[in-house]
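Listed below are the residues making up each chain.
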Amino acid sequence: MKLIPVYTWNRNVLSFNRKSDHLSHQPWTQGVLLLICVIVAMLLANLPATSYYYRAFLETDIQIHMLSPNGVVDWRFPRDLTIEKLINDVLMVVFFFTVGLEIRREVAHGELSSMKKAMLPIIAAFGGVAMPAIIYTLVNRGTDAAGGWGIPTATDIAFAVCILSVLGDRVPVSLKVFLTALAIADDLIAILVVAIFYGGTINLKLLAISLLVIAFALLLNRLGQKHMWPYLMLAFVVWILFYYSGIHATMSGVVMAFLIPSNARYERPYVMHKIKTYSGKLLEYDRIDDETMFPNGPQRHFLRRLHKTAYGSMAMSYRVEHALSPWVNFLIMPIFALANAGVEIPDLSFFNIFNTSTAAQGVGLGVFLGLVLGKPIGITLLSFISIKTGICAMPEKSNWPMFFAVACLGGIGFTMSIFVDTLSFQDAAAMEAMRNSGKIAILLGSITAGILGTILIKAVSSVQKN
């Protein structure tokens, strides 16, 4: 079957094709898997037979503990590490590393590579961050919940990809590319929010050492070091330093992603010459009279050389991202959902997020309104201003009703919103209710945003066709 790609658009470098079940299935499987993990986590946290063991498992300590016989030396590494923190502070480093690689690629060669391309998604992303934060702050001003303003500011494109793939050609390609570029810019803003507002007390000495290590990695890059292991070892050192310096450890993944070499080991003339040479050798040693021996010994040698040449023609950053993406999308993210979406629900009144009699319920209302209303309003409002003033151009073959409908999908916050929620309200045990309320609101708000966006897109598409 000949595949004719309609367009290419990221979070997993997905090429969508109406004729290709294999390619169009990936958004479905990722989104559905995450949804299943959310349901399983909710059941584990609330069923009498599993709730205690679920929470006890996540709170299990896992660290190296060295204690001298006289008790003078008591050394633990890493500090206060539980299974839940292992997932949020270690596995999520890999997620943020791939996000950083994606952002870097889009800045270098993709939808954020030029001012003309990047201006509208970046402006829209700022609107989609500022408006939810404003709405949340208005709902929770002067309360203990005010510090959670960062929760509804993030967009999770995985579920939006799933919805857009189902809607097919109802949405113009330009708006699909716009939403993806917006999500990438949104990721970058969310990373900055986490780094600046949700870290701990900064240890300046450790931070200075980490900067020296980062500078050494940058030097290796400039000197042309294209082997992966030096960068992986330096990334581990940076993670340790960030973990103990007060900056959230996941930020080490983003930093190192921008230091991974983006140049290929072999340049284009060399690659083309080798491909031509090895292809010729394959034909030269082809024995038509012996079909059972393909590939024969010499051909296997030249096929291996072709594979090595092809591998070296791709940048390390692309190879690393390509290798990690399946692990991130189908292992790390589901594990994150299992560990963080399990909210204990005392009774059905817990879902009444419109009752703001407590700080926890104020969190729920602020997050819900931020995702469902703040995201589409902020994205559309700043985009409208920038387009009408001539700063940016309207995406091709689109109009404002469809633009707003697609912007509603920006309210699907899931992954990053839950991550920010886990970093908020950590000062007291009583804050657990706020975090749980925030997670419930994230789930309800994301589902509502997805349904609302789907209905509006179908309605606008039907009107346009008629």
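Here, every reference points to the structure presented above.
Only a predicted model underlies this, so the values are computations on that prediction, with no experimental measurement involved. (Residues numbered from 1 in each chain as written. Predicted model: local features only at pLDDT ≥ 70, side-chain atom pairs only at ≥ 80, totals over all residues. Heavy atoms only, no water.)

**Student:** Tell me about the overall build of the protein, residues and numbers included.
**Tutor:** Each helix and strand counted, the protein has 16 helices and 4 strands in total. Residues counted as buried form 48% of the 466 residues belonging to the protein. Across the protein, every contact between residues at least 6 apart in sequence was considered, and the portion connecting residues at least 24 apart equals 76%. Accessible surface computed for the protein: about 23400 Å², of which carbon and sulfur atoms make up 66%. (Helix = DSSP H or I, 4+ residues; strand = E, 2+ residues; numbered from the N terminus. Buried < 20%, exposed > 50% of the residue type's maximum accessible area, 1.4 Å probe, protein only. Contact = heavy atoms within 4.5 Å. Areas by Shrake-Rupley, 256 points an atom, 1.4 Å probe, with all protein chains shown as cover.)

**Student:** Give a detailed account of the environment of K458, specifying residues and quantitative values.
**Tutor:** Among the secondary structure elements, K458 is positioned in helix α16 (residues 432-465). Here K458 falls in the partly exposed class, since its relative accessible area comes to 40%. A C-alpha to C-alpha distance of 8.9 Å links K458 and V171, two positions 287 residues apart in sequence. Excluding anything up to four places from it in sequence, K458 contacts L167 and R170.

**Student:** I'd like a description of the side chain of E321, backed by residues and values.
**Tutor:** With respect to the helices and strands, the residue E321 is situated in helix α12 (residues 316-340). Residue E321 is classed as buried on the basis of its relative accessible area of 5%. Not counting chain neighbours up to four residues away, the residues in contact with E321 comprise T98, L101, E102 and R105.

**Student:** Explain the layout of surface pockets to me, using residue names and the numbers behind them.
**Tutor:** Gaps left between atoms are located by rolling a probe of water-molecule size over the structure's atoms. Estimated volume of the second largest pocket: approximately 570 Å³. What lines the second largest pocket is a set of 22 residues, among which S174, A393, M394, P395 and E396 lie closest to the centre. Sorting the residues of the lining of the second largest pocket by element identifies α4 (115-140) and α6 (173-197) as the ones contributing at least two each. Per-element tally for the lining of the second largest pocket: the top contributor is α4, with 6 residues. (1 Å grid on protein atoms, 1.4 Å probe; cavity = no way out; pocket = protein on both sides within 12 Å on 5 of 7 lines; lining within 4 Å. Points joined across faces, edges and corners; volume = space filled by probe spheres on them.)

**Student:** Give a detailed account of the environment of V94, specifying residues and quantitative values.
**Tutor:** By the element assignment, V94 lies in helix α3 (residues 83-109). For V94, a relative accessible area of 25% translates into the label partly exposed. For the pair V94 and W327, spaced 233 residues apart in the sequence, the C-alpha separation amounts to 9.2 Å. When residues no more than four places from it in sequence are discounted, the contact partners of V94 are L324, V328 and I332.

**Student:** Describe the nonpolar core, listing the residues and the values that go with them.
**Tutor:** Proteins that are soluble and globular tend to have nonpolar side chains buried together. Judged by nonpolar contacts, the single largest core of 106 residues is most densely connected at F95, F96, F178, V367, L409, F414 and I457. Among the elements that make up this core, the one with the highest residue count is α6 (12 residues). In terms of nonpolar packing, the next biggest core, distinct from the first, is built from 5 residues, L81, V93, W239 and Y243 among them. (Core = buried A, V, L, I, M, F, W, Y, C linked by side-chain atoms within 4.5 Å.)

**Student:** Tell me what's going on with the packing of aromatic side chains, and back it up with residues and numbers.
**Tutor:** Applying the stated rule across the entire model yields 12 aromatic pairs. Relative to Y53, the ring of Y52 lies with its centre 5.4 Å away and its plane at 80 degrees, an arrangement referred to as edge-to-face. With relative accessibility at 60%, the residue Y52 sits in the exposed group. Judged by relative accessible area, which is 59%, Y53 ranks as exposed. (Phe/Tyr/Trp six-rings, centres within 6.5 Å; stacked < 30°, edge-to-face > 60°.)

**Student:** Provide a residue-level description of the packing of α6 against helix α14 (residues 400-408), including the pertinent values.
**Tutor:** Angle between the axes and distance between the axes: these two values describe a pair of packed helices. Orientation of α6 relative to α14, taken along the N-to-C sense of each, is 40 degrees, at an axis distance of 11 Å. Between α6 and α14 the crossing geometry is right-handed. Facing α6, whose interface residues are L175, F178 and L179, α14 presents M402, F403 and V406. Here the residues of the contact of α6 with α14 are counted per class, giving 6 nonpolar, no polar and no charged. (Axes fitted to C-alpha atoms, helices over the stretch in contact; angles between N-to-C directions. Left-handed = near helix turned anticlockwise from the far one by under 90°. Nonpolar A, V, L, I, M, F, W, Y, C, P; charged D, E, K, R; others polar.)

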